[in-house]
Amino acid sequence: MGLREAQEQDVVIIDNLATGRRVNIEHLLDHPRVTFIEGSITDLDLLMETFPGADGIFHQAANRPGR
Ligand SMILES: NC(=O)c1ccc[n+]([C@@H]2O[C@H](COP(=O)([O-])OP(=O)(O)OC[C@H]3O[C@@H](n4cnc5c(N)ncnc54)[C@H](O)[C@@H]3O)[C@@H](O)[C@H]2O)c1
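Bear in mind the structure is a predicted one, so any value in this text is a computation, not a measurement.

Scanning the protein for helices and strands turns up one helix and two strands. Every one of the 67 residues in the protein was classed for burial, and the buried ones make up 0%. Restricting the contact set of the protein to residue pairs at least 6 apart, pairs at least 24 apart contribute 39%.

Quick look at the structure:
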């Protein structure tokens, strides 16, 4: 699913902004079905709280040194 399908799906984005920048997704944040949470995917409590009942989870978080 691309973010374009967010018109029909609720999309939750988790990013700790370690290297990512909020400005890169600013255009998505006004969408009523898109939620942004600043947090880490290593935070199990956050994941358990956020994703019960999710149809899918797309893991794109990456820590790439030197980037
Ligand atoms: N960009 C490409 O062309 C490409 C090609 C093939 C595969 N990939 C893979 O896709 C994935 C994403 O690539 P990208 O180019 O979007 O990387 P990116 O570095 O642009 O984005 C990674 C994001 O992960 C976030 N992040 C890092 N640690 C986190 C954590 N613990 N919790 C939450 N968020 C965290 C960063 O803040 C950043 O926004 C990587 O695994 C990469 O290896 C990328």
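Lining the immediate environment of the ligand, one finds 16 residues, of which Gly 20, Ser 40, Ile 41, Ala 61 and Ala 62 sit closest. The residue makeup of the shell around the ligand, split by class, is six nonpolar, seven polar and three charged.

Bringing unusual backbone geometry into the picture now. With phi around 60°, Leu 17 is a residue other than glycine that occupies positive phi space. Within the secondary structure, Leu 17 sits in the loop between strand S1 (11–15) and strand S2 (34–38). A tally of 12 C-beta atoms within 10 Å means that Leu 17 is categorised as exposed.

For Gly 20, the location among the structural elements is in the loop between S1 and S2. Judged by the 15 C-beta atoms lying within 10 Å of it, Gly 20 is partly exposed. In this structure, the C-alpha to C-alpha distance between Gly 20 and Ala 61, residues 41 residues apart in sequence, is 9.4 Å.

Parameters and conventions
- Residues numbered from 1 in each chain as written.
- Predicted model: local features only at pLDDT ≥ 70, side-chain atom pairs only at ≥ 80, totals over all residues.
- Helix = DSSP H or I, 4+ residues; strand = E, 2+ residues; numbered from the N terminus.
- Buried ≥ 20, exposed ≤ 12 C-beta atoms within 10 Å, placed from the backbone.
- Contact = placed C-beta atoms within 7 Å.
- Near = placed C-beta within 6 Å.
- Nonpolar A, V, L, I, M, F, W, Y, C, P; charged D, E, K, R; others polar.

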